[in-house]
Amino acid sequence: MIYILQQYWWIIVSLLGSLLVFLMFVQGGQSLLFGTAKEKDEKTLLVNALGHKWELTFTTLVTFGGAIFASFPLYYSTSFGGAYWLWMAILFLFVIQAVSFEFRSKAGNLLGARTYETFLFLNGTFGTILLGVAVGMFFSGGAFVMNKSSIADTFQPTISYWANGWHGLEAITNPFNLLLGIVVYLAARTLGLMYVMMQIDSESLNKKCKSQIKITGPAFVLGFVAFLIALFTMTGYHVTPENGLITPVRYKYFFNMIELIWPLVMLLAGVLLVLSGLGLNIFGKKGRKSSFFLTGGGVVLAVWSILICAAFNNTAFFVSTVDPQYSLTLANSSSSEFTLKTMAYASLMVPFVFGYIYYVWRAMTKVKMSTEDLSKPDTHKY
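Read on for an overview of the structure. Predicted model, so just to flag it, every value in this text is computed and none were measured.

### What about the pattern of salt bridges?
Next, step 1: For the structure on display, the rule yields three salt bridges.
Next, step 2: With a closest N to O distance of 3.9 Å, Lys43 and Glu117 form a salt bridge. Taken together, the residues span a long stretch of sequence, with Lys43 in helix H3 (residues 40-51) and Glu117 in helix H7 (residues 113-140) at a distance of 74 residues. A single burial state applies to Lys43 and to Glu117, both of which are buried.
Next, step 3: Residue Glu117 is joined to Arg104 by a salt bridge in which the shortest nitrogen-to-oxygen separation is 2.9 Å. Here Arg104 lies in the loop between helix H6 (84-103) and H7 and Glu117 lies in helix H7, a separation of 13 residues in the sequence.
Next, step 4: Taking relative accessible area as the criterion, Glu117 reaches 6% and is therefore assigned buried.
Next, step 5: Under the relative-accessibility criterion, Arg104 is labelled buried at 7%.
Next, step 6: Within this structure, Lys43, Arg104 and Glu117 form a network of salt bridges that share partners.

### Concerning the pairing of strand S3 (residues 235-239)
Next, step 1: Inspection of the sheet shows S3 paired to strand S4 (residues 246-250) by five bridges, in the antiparallel sense. Within the sheet, the bridge partner assigned to His238 lies in S4 and is Thr247.
Next, step 2: Hairpin connection from S3 to S4: six residues lie between these consecutive antiparallel strands, with Gly244 at a positive phi of about 75 degrees.

### Focus: the side chain of Gln6
Next, step 1: Inspection of the secondary structure puts Gln6 in helix H1 (residues 2-23).
Next, step 2: Apart from the residues within four sequence positions on either side, Gln6 is in contact with Phe72, Leu330, Ala331, Ser334 and Leu340.

### Observations regarding H6
Next, step 1: In a regular helix each residue adds 1.5 Å, so 20 residues correspond to 28 Å; H6 covers 28 Å between its end C-alpha atoms and thus fits that length.
Next, step 2: Turning to H6, the residues buried within the fold contact helix H2 (25-30), H3, helix H4 (54-71), helix H5 (73-82) and H7.

### A word on a nonpolar patch on the surface
Next, step 1: A contiguous nonpolar patch, built from Tyr84, Trp85, Met88, Leu91, Val95, Val99, Phe103, Trp166 and Leu169 and spanning about 850 Å² of accessible area, is present on the exposed surface.
Next, step 2: Inspection of the secondary structure puts Met88 in helix H6.

### Some remarks on the packing of H1 against H4
For any two helices packed against each other, one specifies the inter-axial angle together with the distance between the axes.
Next, step 1: Packing of H1 against H4 leaves a shortest axis separation of 9 Å and a crossing angle of 160 degrees. Classified by the angle between their axes, H1 and H4 sit roughly antiparallel to one another. You can see that H1 and H4 cross each other, and the crossing is left-handed. Listed contacts from H4 to Trp9, Val13, Leu16, Gly17, Leu19, Leu20 and Leu23 of H1 are Leu56, Thr57, Thr60, Leu61, Thr63, Phe64, Ala67, Ile68 and Ser71.

### Comments concerning the layout of surface pockets
Next, step 1: The calculated volume of the largest pocket comes to roughly 1200 Å³.
Next, step 2: As for the largest pocket, its lining consists of 46 residues, and the residues nearest its centre are Leu23, Leu56, Val353, Phe354 and Ile357.
Next, step 3: Looking at the lining of the largest pocket, the elements that each hand over two or more residues are H1, H4, helix H12 (288-311), helix H14 (337-346) and helix H15 (350-364).
Next, step 4: No other element matches H15, which puts eleven residues into the lining of the largest pocket.
Next, step 5: A breakdown of the residues in the lining of the largest pocket according to their chemical character gives 31 nonpolar, ten polar and five charged.
Next, step 6: Computed from the structure, the second largest pocket encloses a volume of approximately 590 Å³.
Next, step 7: Together, 38 residues line the second largest pocket, and Leu180, Phe224, Ala302, Val303 and Ile306 are the ones closest to its centre.

### Re the packing of aromatic side chains
Next, step 1: Under the defined criterion, the tally for this structure stands at 35 aromatic pairs.
Next, step 2: Centre to centre, the rings of Tyr8 and Trp9 are 5.8 Å apart; their planes meet at 85 degrees, and the pair counts as edge-to-face.
Next, step 3: Owing to a relative accessible area of 30%, Tyr8 belongs among the partly exposed residues under this scheme.
Next, step 4: What links up through ring pairs into an aromatic cluster is the set Trp10, Phe72, Tyr75, Phe138, Phe144, Trp162, Phe317 and Phe318.

### Quick word on unusual backbone geometry
Next, step 1: Positive phi, normally seen in glycine, also occurs at His167, with a value near 45 degrees.
Next, step 2: On the secondary structure map, His167 appears in the loop between strand S2 (160-162) and helix H8 (175-199).
Next, step 3: Look at Ile261: it is not a glycine, yet its phi comes out positive at around 70 degrees.
Next, step 4: One can find Ile261 in the loop between helix H10 (252-260) and helix H11 (262-283).

### Comments concerning the environment of Ala331
Next, step 1: With respect to the helices, strands and loops of the structure, Ala331 is situated in helix H13 (residues 330-333).
Next, step 2: Note on Ala331: relative accessible area 59%, which makes it exposed.
Next, step 3: Residues Ala331 and Ala316, 15 residues apart in the sequence, show an inter-C-alpha distance of 9.4 Å.

Rules behind the numbers
Residues numbered from 1 in each chain as written. Predicted model: local features only at pLDDT ≥ 70, side-chain atom pairs only at ≥ 80, totals over all residues. Heavy atoms only, no water. Salt bridge = Lys/Arg side-chain N within 4 Å of Asp/Glu carboxyl O. Helix = DSSP H or I, 4+ residues; strand = E, 2+ residues; numbered from the N terminus. Buried < 20%, exposed > 50% of the residue type's maximum accessible area, 1.4 Å probe, protein only. Pairing = 2+ DSSP bridges. Contact = heavy atoms within 4.5 Å. Expected span 1.5 Å × (residues − 1). Patch = residues over 30% accessible without salt bridge, like charges linked within 9 Å, V, L, I, M, F, W, Y side chains within 5 Å. Areas by Shrake-Rupley, 256 points an atom, 1.4 Å probe, with all protein chains shown as cover. Axes fitted to C-alpha atoms, helices over the stretch in contact; angles between N-to-C directions. Parallel < 35°, antiparallel > 145°, perpendicular 65-115°, else oblique. Left-handed = near helix turned anticlockwise from the far one by under 90°. 1 Å grid on protein atoms, 1.4 Å probe; cavity = no way out; pocket = protein on both sides within 12 Å on 5 of 7 lines; lining within 4 Å. Points joined across faces, edges and corners; volume = space filled by probe spheres on them. Nonpolar A, V, L, I, M, F, W, Y, C, P; charged D, E, K, R; others polar. Phe/Tyr/Trp six-rings, centres within 6.5 Å; stacked < 30°, edge-to-face > 60°.

Structural data, given as structure tokens:
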């Protein structure tokens, strides 16, 4: 029973992670604040259009972290407690985002609107890249030691600890992690450009976005192809179910796709949706709303399939670069059967939460936003 629950919760956590990547179109939109939205009215329109959605991204990030904490606490304590400088940098970038949306238009703010716009740009650029680097560690691993028997040590009752003084910053120098970070940034920026064209009624801003997506969109596709080549040719680590022995297997993630089949189908469907959405946006005269959701749906399916392959088919999902036998698997890092089962009952409410999000989203995006809307006395400005 616990085997099924561990698989179930990895599927849920992976889904939340893929939804987070889609919702980072907000960060992608923020990266347009300098260079694309040059006029004051354009920046105000952009920030307000994104301001209606930034809390969805933030709460999904928190939910993603909470779900991992509850279902796979040993990963949470090892990664967040060991690679803490990387996670602190990500947390700082998301805190300044929240502060900026709150105070940018407040009367009498001491820092000025441009400071908060800079904060939003930093969040949109480096927040996405660093999150991609952190997710890349699911495949490239980290320098940690894990020993469950040390919990009985009176002087150091710590199951896992980081083995170097960089505490996660070294992950940024790993080419694979950095490549995934850049791909996440390009995905967020592509979706951000599509969202602006769909939601903002500004001829000048739409013209610039239309021009930029011809570069960003293909760059995202090429970057994703390069990432898949790197992923499918790298060495993964296989867990022997009978004795827990962890051994290296070349092309492990490629074999996971081939042997499981259904993640491969999800990946191919995701790629087709992304290409369809990009094609509709770049070459079509209409259908920009459809192109945003087609591309977003494709991103969700592709990311979801890749995260599933990180742990399914007897794969260690967080490899220790110190000793592979310390690596984390679904079996050795999950909560108890009682906890997973109780949370599984609670997770039945998730479709209702998604329904509520859909209702709110639809209500807030029925019509495009224009400068006339922002001049109304009862309009909330970010």
